[in-house]
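One-letter residues, chain by chain:
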Amino acid sequence: MRTLLVLLLLAACSSRSPGPAPVQPDETLNQQLRIGRLALEAGRNAEAARLFDRALVRARERDSATEIADAATGSSVALLGQGRAAEAGQQAARVAAELRRRGTPVPPDLILAEAVARFRLGEFDAATALLTPLRASPDQDVMRRASFIEGLIAGARRDPVALAQARGRIGTPEGRSFQADAAELAAMAALLNRDESTAFAEAERAAGLRRDTLDYRGISRALELSADAARQSGLPEREADFALRAALGASSRGDKAEARRLMLRARSVTTDPRMRDTITRELAALDAR
């Protein structure tokens, strides 16, 4: 019986007309995208931005909406990694508009990249408008990532209700990255509630989870949350230490603006002459780059 079924299947297949020829991949473009992703994962943001920009040019030559979106998303994320939020937002918005003109759905990752850029630029309403539709995404990862950014916005606005809602939407995820998101929002909520001990604990937990997932920008955010908790606790030297550690991370990533902001914060509160000397040297090295 099995032999007969196989013969019938073979006969059916052989009687079909040949299908369309497979789409020929662009190996050069695929390689640019692949190497760009590896550079991003390694934290080499400037290199990743160059690779994705070249990929975007080639994707437009190919007139492939999918690959245009992939390259633009990678480029935007790499620009964000360098602290170039304005350029990242412009890139993501421009390509999103291009995809909509084609009648092509805009990938959630590209929307998230633009939302992060708007958030970092202080354009909270614009960021929220981008994020709100993603709450209904069937992809739980997309929904949780959007909720995390909404939580950051709520924290910046000192809105405990919106912050609690965003934290609630994340739920109790298994992935360490999302666990870190939840811990970071919990630390922010504790700060708003003047619960500094919980803020310290949740910020430390977030930093550890970010370290496990190689999210070094996330580590800097967690360290700054610890600096905020130290400030509310009346501990200026601890605040300076946490801020300087966050600054050194930002400097290592090539985010000069963020590094300078955090170094100036540390210098403004410390009375330790050795720390002030260290900050002065680091600022000079930053300016020399």
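Everything here concerns the structure above.
To keep things clear, this report deals only with the structure shown in the data block.

Definitions and cut-offs
- Residues numbered from 1 in each chain as written.
- Predicted model: local features only at pLDDT ≥ 70, side-chain atom pairs only at ≥ 80, totals over all residues.
- Heavy atoms only, no water.
- Core = buried A, V, L, I, M, F, W, Y, C linked by side-chain atoms within 4.5 Å.
- Buried < 20%, exposed > 50% of the residue type's maximum accessible area, 1.4 Å probe, protein only.
- Contact = heavy atoms within 4.5 Å.
- Phe/Tyr/Trp six-rings, centres within 6.5 Å; stacked < 30°, edge-to-face > 60°.
- Helix = DSSP H or I, 4+ residues; strand = E, 2+ residues; numbered from the N terminus.
- Lys NZ or Arg CZ within 6 Å of the ring centre and 35° of its normal.
- 1 Å grid on protein atoms, 1.4 Å probe; cavity = no way out; pocket = protein on both sides within 12 Å on 5 of 7 lines; lining within 4 Å.
- Points joined across faces, edges and corners; volume = space filled by probe spheres on them.
- Axes fitted to C-alpha atoms, helices over the stretch in contact; angles between N-to-C directions.
- Parallel < 35°, antiparallel > 145°, perpendicular 65-115°, else oblique.
- Left-handed = near helix turned anticlockwise from the far one by under 90°.
- Nonpolar A, V, L, I, M, F, W, Y, C, P; charged D, E, K, R; others polar.
- Expected span 1.5 Å × (residues − 1).

**A closer look at the nonpolar core**
What tends to happen in soluble globular proteins is that the nonpolar side chains get buried as a cluster. Leu110 and Leu185 are the most contacted members of the largest nonpolar core, which totals 78 residues. Setting aside residues no more than four positions away along its own chain, leucine 110 makes contact with Ala72, Thr73, Ser76, Ala92, Val95, Ala96 and Leu99.

**Focus: the packing of aromatic side chains**
Applying the stated rule across the entire model yields 2 aromatic pairs. With a centroid separation of 6.3 Å and 40° between ring planes, the pair formed by phenylalanine 200 and phenylalanine 242 is classed as tilted. One end of the pair, phenylalanine 200, is in helix 11 (residues 196-212); the other, phenylalanine 242, is in helix 13 (residues 236-253), with 42 residues separating them in the sequence. Under the relative-accessibility criterion, phenylalanine 242 is labelled buried at 10%. Just above the ring of phenylalanine 178 sits the side chain of arginine 144; from NZ or CZ to the centre is 6.0 Å. A cation over a ring is seen here: arginine 238 above phenylalanine 200, with NZ or CZ 4.7 Å from the ring centre.

**Observations regarding empty space enclosed by the protein**
Enumeration over the complete set of coordinates arrives at 1 cavity of 30 Å³ or more. Residue lining of the largest cavity: Ala92, Ala96, Arg100, Val106, Leu110, Ile111, Glu114 and Leu130, and that is the complete set. For the lining of the largest cavity, the elements supplying multiple residues, two or more each, are helix 5 (85-102) and helix 6 (108-120).

**Structural notes on the packing of helix 11 against helix 12 (residues 216-232)**
Between two packed helices, what matters for the description is the angle formed by their axes and the separation of those axes. For the pair helix 11 and helix 12, the least separation of the axes is 8 Å and the interaxial angle reads 165°. When the axes of helix 11 and helix 12 are compared, the pair comes out roughly antiparallel. Considering the relative orientation of helix 11 and helix 12, their crossing is left-handed. Residue-level contacts link Glu196, Ala199, Phe200, Ala203, Ala206, Ala207, Arg210 and Arg211 of helix 11 to Gly218, Ile219, Arg221, Ala222, Leu225, Ser226, Ala229, Ala230 and Gln232 of helix 12. For the contact of helix 11 with helix 12, the per-class residue count stands at 10 nonpolar, 3 polar and 4 charged.

**Focus on the side chain of glutamine 82**
With respect to the helices and strands, glutamine 82 occurs in the loop between helix 4 (65-81) and helix 5. For glutamine 82, the contacting residues outside a window of four places in its chain are Asn45, Ala46, Ala49, Gly254 and Asp255.

**Focus on helix 5**
Helix length check: helix 5 (18 residues) gives 26 Å between terminal C-alpha atoms against 26 Å at 1.5 Å per residue, within 8%. Regarding helix 5, the residues found buried are Ala85, Ala88, Gly89, Gln91, Ala92, Val95, Ala96, Glu98 and Leu99. In this fold, the buried residues of helix 5 make contact with helix 3 (45-62), helix 4 and helix 6. Trailing helix 5 by a residue or two, glycine 103 shows a phi angle of about 80°, which is positive.

**Quick word on the packing of helix 9 (residues 160-170) against helix 10 (residues 176-192)**
Here helix 9 crosses helix 10 at 160°, and the two axes come no closer than 10 Å. Between helix 9 and helix 10, the crossing angle belongs to the class labelled roughly antiparallel. Note on packing geometry: the crossing formed by helix 9 with helix 10 is left-handed. Across the interface between the two elements, Pro160, Leu163, Ala166, Arg167 and Ile170 from helix 9 touch Phe178, Asp181, Ala182, Leu185, Met188, Ala189 and Leu192 from helix 10.

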